[in-house]
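Residue strings, one per chain:
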Amino acid sequence: MRYLFRSLRCLWPSSRRRLRSGSKACQGDSRFRLLLESLPNVAVQGYDRKRRVIYWNEESVRLYGYQAEEAAGRYLEELIIPEPMQAQVIRDHSAWLREGKAIPPGRLVLRDKQGNPVPVYSYHVMLDEFSEDPVMFCVDVRLDTDLETVS
């Protein structure tokens, strides 16, 4: 897991610069995307400063039931956050942006597209947090997954 977060921190800024400048993706960008797409049983979602989806990997599709195109541009809280948790999630995200107060990792019960509970262990990382364009990544691992099948 540490490798994932180090990779996010190292590769994301250069990927964003190339996307803004219109340059072609480099090998690091491809490796970054491959890393996020190939993690078994690890759902990764990216959100902009307003909590809108900017990244949704294939495991997020399996875990939460939304296709990437369906999730793109929608708010985190309208997709996977149960209603009783929504106000707190918005406050926590805002505090991270304003004060640099990171959202602690932990066990959560989120929801899928049908409204069913999805128990996960969730870890958050903010990239470019003190810039005009911060990005938050959520890394969720389903807790009731049979860990013996993960290799």
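Residues numbered from 1 in each chain as written. Predicted model: local features only at pLDDT ≥ 70, side-chain atom pairs only at ≥ 80, totals over all residues. Heavy atoms only, no water.

### Some thoughts on helix α6 (residues 83-99)
For α6, with 17 residues, the first-to-last C-alpha span of 25 Å sits near the 24 Å given by 1.5 Å per residue. Listing the buried residues of α6 in full gives V89, H93, A95, W96 and L97. Buried positions along α6 lie against α5 (76-79), β4 (117-127) and β5 (135-142). In the stretch just after α6, G100 is the one whose phi turns positive, near 75°. (Helix = DSSP H or I, 4+ residues; strand = E, 2+ residues; numbered from the N terminus. Expected span 1.5 Å × (residues − 1). Buried < 20%, exposed > 50% of the residue type's maximum accessible area, 1.4 Å probe, protein only. Contact = heavy atoms within 4.5 Å.)

### Quick look at a nonpolar patch on the surface
On the surface, a cluster of nonpolar side chains totalling about 250 Å² of accessible area is made up of Y121, Y123 and L143. In this structure, L143 sits in the segment after β5. What makes L143 partly exposed here is its relative accessible area of 35%. (Patch = residues over 30% accessible without salt bridge, like charges linked within 9 Å, V, L, I, M, F, W, Y side chains within 5 Å. Areas by Shrake-Rupley, 256 points an atom, 1.4 Å probe, with all protein chains shown as cover. Salt bridge = Lys/Arg side-chain N within 4 Å of Asp/Glu carboxyl O.)

### Describing the nonpolar core
Y47, W56, Y64, L76, L79, I80 and M136 are the most contacted members of the largest nonpolar core, which totals 23 residues. Put simply, the parts of the chain that give this core at least two residues each are β1 (42-47), β2 (53-56), α3 (58-64), α5, α6, β4 and β5. Contact partners of W56, with chain neighbours within four places excluded, come to E37, V44, Q45, Y47, V61, Y64, Y66, Q67, A68, A71, L79 and I80. With 11 residues, the next largest nonpolar core counts L35, L36, L127 and F137 among its residues. (Core = buried A, V, L, I, M, F, W, Y, C linked by side-chain atoms within 4.5 Å.)

### Examining the sheet that holds β2
Pairing in this open sheet of 5 strands is antiparallel, and the strands run β2-β1-β5-β4-β3 from one edge to the other. Each having just a single partner strand, β2 and β3 (106-111) make up the two edges of the open sheet. On average, adjacent strands in this sheet sit at an angle of 35° to one another, irrespective of strand direction. In terms of strand pairing, β3 meets β4 through 6 bridges, oriented antiparallel. Bridge pairing in β4 places V109 opposite P119. (Pairing = 2+ DSSP bridges. Axes fitted to C-alpha atoms, helices over the stretch in contact; angles between N-to-C directions.)

### So, the packing of aromatic side chains
By the definition in use, this model includes 3 aromatic pairs. On the basis of an interplanar angle of 50° and a centroid distance of 6.0 Å, the ring pair of W56 and Y64 is categorised as tilted. You'll find W56 and Y64 in the same group, each marked buried. A network of ring pairs unites the aromatic residues W56, Y64 and Y66 as a single cluster. (Phe/Tyr/Trp six-rings, centres within 6.5 Å; stacked < 30°, edge-to-face > 60°.)

Fair warning: the whole summary comes from geometry, so function is off the table for now.
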